[in-house]
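# Working through the structure, step by step
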There are 2 protein chains.
Amino acid sequence: MTAHKHPPEAGQTADQGFVRHYLLYLLAAASEGVSTEFHAQVRARGVRVPEWRILACLADEDGQMVTQLAALALMEQSRLTKIIDQMADKKLVTRRSDERDRRRVRVFLTATGRSLARELVEDARIHEAGIIDQISPAQAAILKHVLARIVALHGPEARPAGERRTTRPAEEES
Amino acid sequence: MTAHKHPPEAGQTADQGFVRHYLLYLLAAASEGVSTEFHAQVRARGVRVPEWRILACLADEDGQMVTQLAALALMEQSRLTKIIDQMADKKLVTRRSDERDRRRVRVFLTATGRSLARELVEDARIHEAGIIDQISPAQAAILKHVLARIVALHGPEARPAGERRTTRPAEEES
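So, here's what we can say about the structure. (Residues numbered from 1 in each chain as written. Chains lettered and ligands numbered in written order. Predicted model: local features only at pLDDT ≥ 70, side-chain atom pairs only at ≥ 80, totals over all residues.)

### Overview of the overall build of chain A
Stated formally: Each helix is a run of H or I in the DSSP string that is no shorter than four residues. Each strand is a run of E no shorter than two, and both are numbered from the N terminus. In this scheme every C-beta is placed from the backbone, and a residue whose C-beta has 20 or more other C-beta atoms within 10 Å is buried, one with 12 or fewer is exposed, and one in between is partly exposed.
Each helix and strand counted, chain A has six helices and three strands in total. When the helices and strands of chain A are placed in sequence order, the string is α-α-β-α-α-β-β-α-α. Per-residue burial over chain A gives 33% buried out of 174 residues.

As structure tokens, this is what we get:
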């Protein structure tokens, strides 16, 4: 199915070259590569990665509810709640009940949190611009467009609360 | 910097809309979304995700060394070694010393491991084909090309053993 770059050697199978052309590998390796770089910058500012994600989401839209934040920050809700507690202790966020529905809790940035979020978003834009320059702005625009479509179809907000059906062939030997 | 889709509301900042257009978010959310789906299929076969990654890498090239495998399977070497131990207990892989350099250990699939790897690679191709159909094969080809470039520049094999320098601006308020 995939082209052989090298003649097959003893002990190798017909699947040689699958991983390096596999969309899920490419997405995971690209994401991990660029995120590892930027997360080093985040930690150098004394901020943990989940805190950075929450700060960025709240900088976009302050006063989000925990459920919204969990989807956008790519975190389990129980984990997010724990991080929000710690961020409240650090005076980066405050929690207030929703004005219309007192049972719902909204999360807001403090002045300190907002200032830290702005600095980190600025760092993130600079780091991102470096990557976009490398791959050319035109290709980066297509990349973002296609990724946004995958996120809309398969991302955290596309998934219903329960399971998501995926095609799964009957068990068979190939 | 980014276009406002909605008029800004009280409590929102000028950064509204950063996250949803941020390359690192799009990569992480797309990767997490499609991987979550496929990993459910992997677990349904009684295989753990790191085991699937190692099986796929060995199906591509049998007899890889632990260092190679760790980069391609996106794992810390210490974690990989532990998973390889467990896979050896399950008779999915065997370890043999390199013929030229006895200190180097190579990992090989057993017949059972190879058969399981083939089934899973077949599942992965079917799942991947479903995503490629959704986003159109032409756009998928561009996507893979650009992702491969990012992986080459920033991925696990691009990173030198030590640190990787990234641009980091002086601390400043924006």
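### A word on the relation of the copies chain A and chain B
Between the two copies of this chain, the relationship is a rotation about some axis together with a displacement along it. To be explicit about the condition: Least-squares fitting of one copy onto the other uses the C-alpha atoms of those residues that reach a pLDDT of at least 70 in both copies. Each residue is represented by a C-beta atom placed from its backbone, and any two residues with such atoms within 7 Å are regarded as in contact.
Here chain A sits on chain B after a turn of 180° about the axis and a move of 0.0 Å along it, with an RMSD of 0.0 Å. Classification of the inter-copy transformation places it as that of a two-fold axis. Comparing contact sets, 100% of the residues at the interface of chain A also lie at the interface in chain B, consistent with an isologous, same-surface contact.

### Quick notes on the nonpolar core
One broad rule of soluble globular proteins: the nonpolar side chains tend to lie buried together. Filter applied, for reference: Each nonpolar core consists of buried Ala, Val, Leu, Ile, Met, Phe, Trp, Tyr and Cys residues. Their C-beta atoms, within 7 Å, join them into a set.
Judged by nonpolar contacts, the single largest core of 88 residues is most densely connected at Leu-27, Ala-56 and Leu-120 of chain A together with Leu-27, Ala-56 and Leu-120 of chain B. With near-sequence residues (within four places) excluded, Leu-120 of chain A lies in contact with Val-42, Arg-45, Val-47, Trp-52, Leu-55 and Ala-56 of chain A.

### Digging into the sheet that holds strand S1 (residues 64-65) of chain A
Residue and element names in this part refer to chain A. The following threshold applies: When DSSP finds two or more bridges between a pair of strands, those strands are recorded as paired.
An order of S1-S3-S2 is seen for the three strands of this open sheet, with the pairing classed as antiparallel. Where the open sheet ends on each side, the last strands, each with one partner, are S1 and strand S2 (93-97). Sheet analysis places S2 next to strand S3 (residues 105-109), joined by five bridges and oriented antiparallel. Bridge pairing in S3 links Thr-94 to Phe-108.

### Quick word on helix H6 (residues 137-154) of chain B
Test applied: Expected helix span is given by 1.5 Å per residue-to-residue step, counting one fewer step than there are residues. As used here, the arc belongs to the directions running from the helix axis to the C-beta atoms.
Look at H6 of chain B: 25 Å from first C-alpha to last across 18 residues, which is about the 26 Å you get at 1.5 Å a residue. If you check which residues of H6 of chain B are buried, you get Leu-143, Val-146, Leu-147, Ile-150, Val-151 and His-154 of chain B. In a view along the axis of H6 of chain B, the buried residues occupy a sector of 145°, so they form one face of it. Structural note: H6 of chain B exposes Pro-137, Ala-138 and Ala-141 of chain B on the side pointing more than 90 degrees away from its buried face. The secondary structure elements touched by the buried residues of H6 of chain B are helix H1 (23-44), helix H5 (111-135) and helix H6 (137-154) of chain A.

### A word on the interface of chain A and chain B
Definition in use: Residue polarity is assigned by list, with Asp, Glu, Lys and Arg as charged and Ala, Val, Leu, Ile, Met, Phe, Trp, Tyr, Cys and Pro as nonpolar; anything else, Gly included, falls into the polar class.
Contact with chain A, which involves 73 residues of that partner, is made by 74 residues of chain B. Broken down by secondary-structure element, the contributors of at least two residues to the side of chain A that touches chain B are H1, helix H2 (49-60), H5 and H6 of chain A. The dominant element in the side of chain A that touches chain B, judged by the number of residues it contributes, is H1 of chain A, at 16 residues. Its residues placed into classes, the side of chain A that touches chain B shows 34 nonpolar, 21 polar and 18 charged.

### With respect to the packing of H1 of chain A against helix H1 (residues 23-44) of chain B
Under the convention used in this document: What counts as an axis is a line fitted to C-alpha atoms, over the stretch in contact for a helix, and the angles between N-to-C directions run from 0 to 180 degrees. If an angle is under 35 degrees, it is roughly parallel; if it is over 145, roughly antiparallel; if it lies from 65 to 115, roughly perpendicular; otherwise it is oblique. Handedness of each helix crossing follows the sense of rotation of the near helix against the far helix: counterclockwise by less than a right angle gives left-handed, clockwise gives right-handed.
Across the interface, H1 of chain A lies against H1 of chain B with an axial gap of 9 Å and an inter-helix angle of 140°. With respect to H1 of chain B, the axis of H1 of chain A lies oblique. As H1 of chain A packs across H1 of chain B, the resulting crossing turns out to be left-handed. On the side of H1 of chain A, the interface is formed by Leu-24, Leu-27, Ala-28, Ala-30, Ser-31, Val-34, Ser-35 and Phe-38 of chain A, while H1 of chain B contributes Leu-24, Leu-27, Ala-28, Ala-30, Ser-31, Val-34, Ser-35 and Phe-38 of chain B. Taken together, the residues of the contact of H1 of chain A with H1 of chain B sort by class into 12 nonpolar, four polar and no charged.

### As for the environment of Asp-85 of chain B
Residues and elements named next belong to chain B. As for its position among the elements, Asp-85 is in helix H4 (residues 77-89). Looking at Asp-85, the number of C-beta atoms within 10 Å reads 11, which means it is exposed. As a C-alpha pair, Asp-85 and Gln-41 span 44 residues in sequence and 23 Å in three-dimensional space.

### A few points about the sheet that holds strand S3 (residues 105-109) of chain B
All names here are of chain B. Read across the open sheet, the three strands follow the order S1-S3-S2; overall the sheet is antiparallel. Two strands in the sheet have a free side with no partner beyond their single neighbour: strand S1 (64-65) and strand S2 (93-97). Those strands touched by H4 are S2 and S3, and its axis lies near 115° from that of S2.

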